[in-house]
Structure formats: structure tokens, C-alpha cells
Amino acid sequence: MIASFKPSIARGDIMAPPSKSMAHRYMIAAALSDGKSRIDNISYSEDILATIDCIRAIGATVNEYEDHIEVIGRGISAGGKVKFCCRECGSTLRFFVPIAMMLGTEATLVGSKTLLSRPMSVYEEIAAKQNIEYCKDEAGIHVKGKLCAGKYEVPGNISSQFITGLLFVLPLLDGDSTIRLIPPVDSRSYIELTLKALKLYGIEAYFVNELELHVSGNQQYRCADVTVEGDFSNAAFLDVFNTIGGEVKVGGLAADSTQGDRVYKEYFKKLLEGKPTLDISNCPDLGPVLMAVAAMNNGGIFTGTRRLAMKESDRGRAMCEELGKLGIESRMDEDEIEIMKGELVPPSETLNGWNDHRIVMAVATLLSRIGGSVDDAQAVNKSFPDYYDRIRRLGIEVSVRE
């Protein structure tokens, strides 16, 4: 699909979409409980649908309504071979590998080719140490074995998703466990989101110090009714119009949120004031939109960019290439990207969305200012399915076609 934009200005009030990160965590915790939980403020993105598929695979019943879901958990009642359909969602895949490892039966996790190419070394090493069968081929990731409680060491600079995956299952094992993070630690805020979700569902896990988590064993999840808070990472793609002359008020964001991406407001301000150096190691999902703001204003230097290569696309390279088509020069090193100050020029070709929702939305922001088209427009369904409808309501002139 192709999204075409005419230069336009965004104005109006709009609510932030619900946090995908929190919704994943609440649904999995509810599925691991014994009883019915209600989760309000749900948006059925492709990633959320992937997690719904997977919690059904472990025996949970899910009733879907317009803006909420009911999850009737039965602990883990899957029997025989289990298949987890993760679609293109890295969170779903990494959250469910440890669940697959504790089933004691054969489990296969399937997804897109891009998804299955993501690094999984943390789980491969755990499987090898605990004699759990683990192999990956074109059909998916195959797991058979029984995870044990104990001491785990996890690199803190790969992805917090591995730590969250372990935190879901370690409370259910016989015996206490510890997770030691090998510094440096990126995306710590996502670990805090997981601990918050676990606490709401009756599970105790906590930081003993900056680098060690304690998880008591033999715990039980308790069902709970919760509301998903607004999502700062996708709210940034609405608030961004204020950096290019728009007048948009984004509501539904919790002032006391622990989401790491809440830093976008501070970073937008710095990019408007000058050419700052911004560390995005704890908020990599903001990378594309921050680079778009830099391109439209004073430029910027972004550090901690190494992990951008491990997303739906190589996001650093993708943004540098697309910005080049708009007349903006950039410099890309292993863990740093510089966006030069320049003058945006309308593209002479349809820009590449890289089949990446955040690249498409970042490019869309640029095109709303100068006009033009971007392909892979459907990629927004991964996290923000009503993105085009929302920005149209704000006055952005966009048409989407096959």
C-alpha cells in the first residue's frame, strides 16, 4: 500500500493510543492466572493479536470486545504439541520462549522471516545449560524441555524482552531465582513496566540492587481488572506535529508513567532549541521520530543507536537513506548517528517504508510538511492500526491506496 500526503497542518485534541507494551504484559499475566480478568483500553494491532493467539495456545479463553478484552486463565493447561504464532512481534516471541521452555512438551514458535532472524542468543545459552532442546530452522523455533529455577545471567544491552520473558515464568517454578544483568543495561524502564504488571497480578519480583533481580518461586498469578495506560511511543507520532507548526493536544498520558518513551517530550524540546546529543539507548523506539524532528529543524546527534539494527528493519540505516532522498545528509557509525541541518526537498520518488511501522510514521511526518508518498503504508497496523484516521481528524491530508 502507498500513503500519499499533501502539505498540511495538524490541529486539534486527540487521545493517545493505548500502550502496546503494557497490554502485552497484562494479557500474559491474566492468561497465567486462574480466573477471569478484564483489560480495558485495548487496541487490536497486529502485535496485540499475536499475543492473543499465543495466550490461547496455552489454554486461556479470550473474549474480544470493542475497547476491552476478557481473559479467562487456567494457568498453563496446554497439552501435547503447542504452536505459538508470533506474526511479526518481537515482544511476543521473546516473551513466549520461556513459557514454551516450561511446558515440558514440544513447542514451536513461528513468525515472519524478519522476526525469526532477530538475535535469540540469551535463550539459546539458557537452553544449552539446562539441557532443553532448542533449535531454529525455516519453520520456526522448536523447544522441548523444562526450565528450572536458579541463577541467570543476562546481558543488559541486548533487549529487556529476554528479562521480561524470564520474569513471567520464574515465579511459577520450584525454588527461588535471581537474574543478574551484565552491564551496561539498556531499556531498564521496560523491566520496570514488567514488574508493575506482575505486582498487579499478585507476583512478587524486585530489584535487589541495580544489577540483580530476585524472584521467589512457587507463586501463583491472581486475576485482576486493569486499564491500559496511554502509549508514549505512539503518542510521539501525534505530538510530533507540534514541532512543525501544528497545534495538537495529546491526552490520556499518565504523568507518573514509568514508560521510558515518555522522554520524547524533553527530547523534542531540545531538538527545537538546537542541535543536541541525545542518548536513545533506553528509548530505541523513538529513534525514527526523533531523527525526523532533527531533519525538520536543527539536526541532531543520537548515541546508543546500535540496537536500531535489531528492530523490524535496520532503523538507523533506513532513516538515513530516506532522509537522503529528501536532501538531508547524515553520518552513521556503529553506535551513533548524526542528522545534519538542511532544507527538506520534496521527493522525486515514492519513499521506502521498509515494512516498518515506525519508519512509515516517521517518513509520514516529513511528507506532511513537503508532500509525497511512502510505500509499505500498511505496516502501521503492527502497532497503530488507526494512525491514518487519527491524523486525518487532525487535518493531515493523506490518502492510502493499494
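The model shown is predicted, which means the values in this text are computed figures rather than measured ones. (Residues numbered from 1 in each chain as written. Predicted model: local features only at pLDDT ≥ 70, side-chain atom pairs only at ≥ 80, totals over all residues. Heavy atoms only, no water.)

Student: Break down the packing of aromatic side chains for me, with residues and values.
Tutor: Across all of its chains, the model carries 8 aromatic pairs by this definition. Ring geometry for Tyr 123 versus Phe 162: centroids 5.0 Å apart, planes at 75°, classification edge-to-face. Taken as a pair, Tyr 123 in helix α5 (residues 121-129) and Phe 162 in helix α6 (residues 160-169) lie far apart in primary sequence, 39 residues in all. An identical accessibility class is assigned to Tyr 123 and Phe 162; each is buried. Taken together through their ring pairs, the aromatic side chains of Phe 232, Tyr 264 and Phe 268 make up a single cluster. For Arg 188, the ring lying beneath its charged end belongs to Phe 207, and the centroid distance is 3.8 Å. (Phe/Tyr/Trp six-rings, centres within 6.5 Å; stacked < 30°, edge-to-face > 60°. Helix = DSSP H or I, 4+ residues; strand = E, 2+ residues; numbered from the N terminus. Buried < 20%, exposed > 50% of the residue type's maximum accessible area, 1.4 Å probe, protein only. Lys NZ or Arg CZ within 6 Å of the ring centre and 35° of its normal.)

Student: Quick one: what's the story with the nonpolar core, residue by residue and with numbers?
Tutor: Of all hydrophobic cores here, the largest spans 76 residues; its most connected members are Ile 39, Phe 84, Leu 109, Tyr 123, Leu 147, Leu 167 and Ile 179. Top element by residues in this core is helix α1 (residues 20-32). It accounts for 9 residues. Other than its neighbours up to four places away in sequence, Leu 109 contacts Phe 84, Cys 86, Leu 93, Phe 96, Val 97, Ala 100, Leu 116, Gly 140, Ile 141 and Val 143. In this structure, Phe 268, Ala 294, Met 361 and Ala 377 belong to the second largest nonpolar core, which totals 65 residues. (Core = buried A, V, L, I, M, F, W, Y, C linked by side-chain atoms within 4.5 Å. Contact = heavy atoms within 4.5 Å.)

Student: With reference to specific residues and values, describe empty space enclosed by the protein.
Tutor: A full pass over the atoms with the stated rule returns 4 cavities of 30 Å³ or more. The space that makes up the largest cavity amounts to roughly 310 Å³. The wall of the largest cavity is formed by 26 residues, among which Lys 20, Ser 91, Gln 161, Asp 285 and Lys 311 lie closest to the centre. Of all the elements in the fold, those that place two or more residues in the lining of the largest cavity are α1, α3 (90-102), α6 and α12 (357-370). The biggest single contributor to the lining of the largest cavity is α1, with 4 residues. Class assignment for the residues of the lining of the largest cavity results in 4 nonpolar, 10 polar and 12 charged. (1 Å grid on protein atoms, 1.4 Å probe; cavity = no way out; pocket = protein on both sides within 12 Å on 5 of 7 lines; lining within 4 Å. Points joined across faces, edges and corners; volume = space filled by probe spheres on them. Nonpolar A, V, L, I, M, F, W, Y, C, P; charged D, E, K, R; others polar.)

In short, the description is geometric, and any link to function would need to be established separately.
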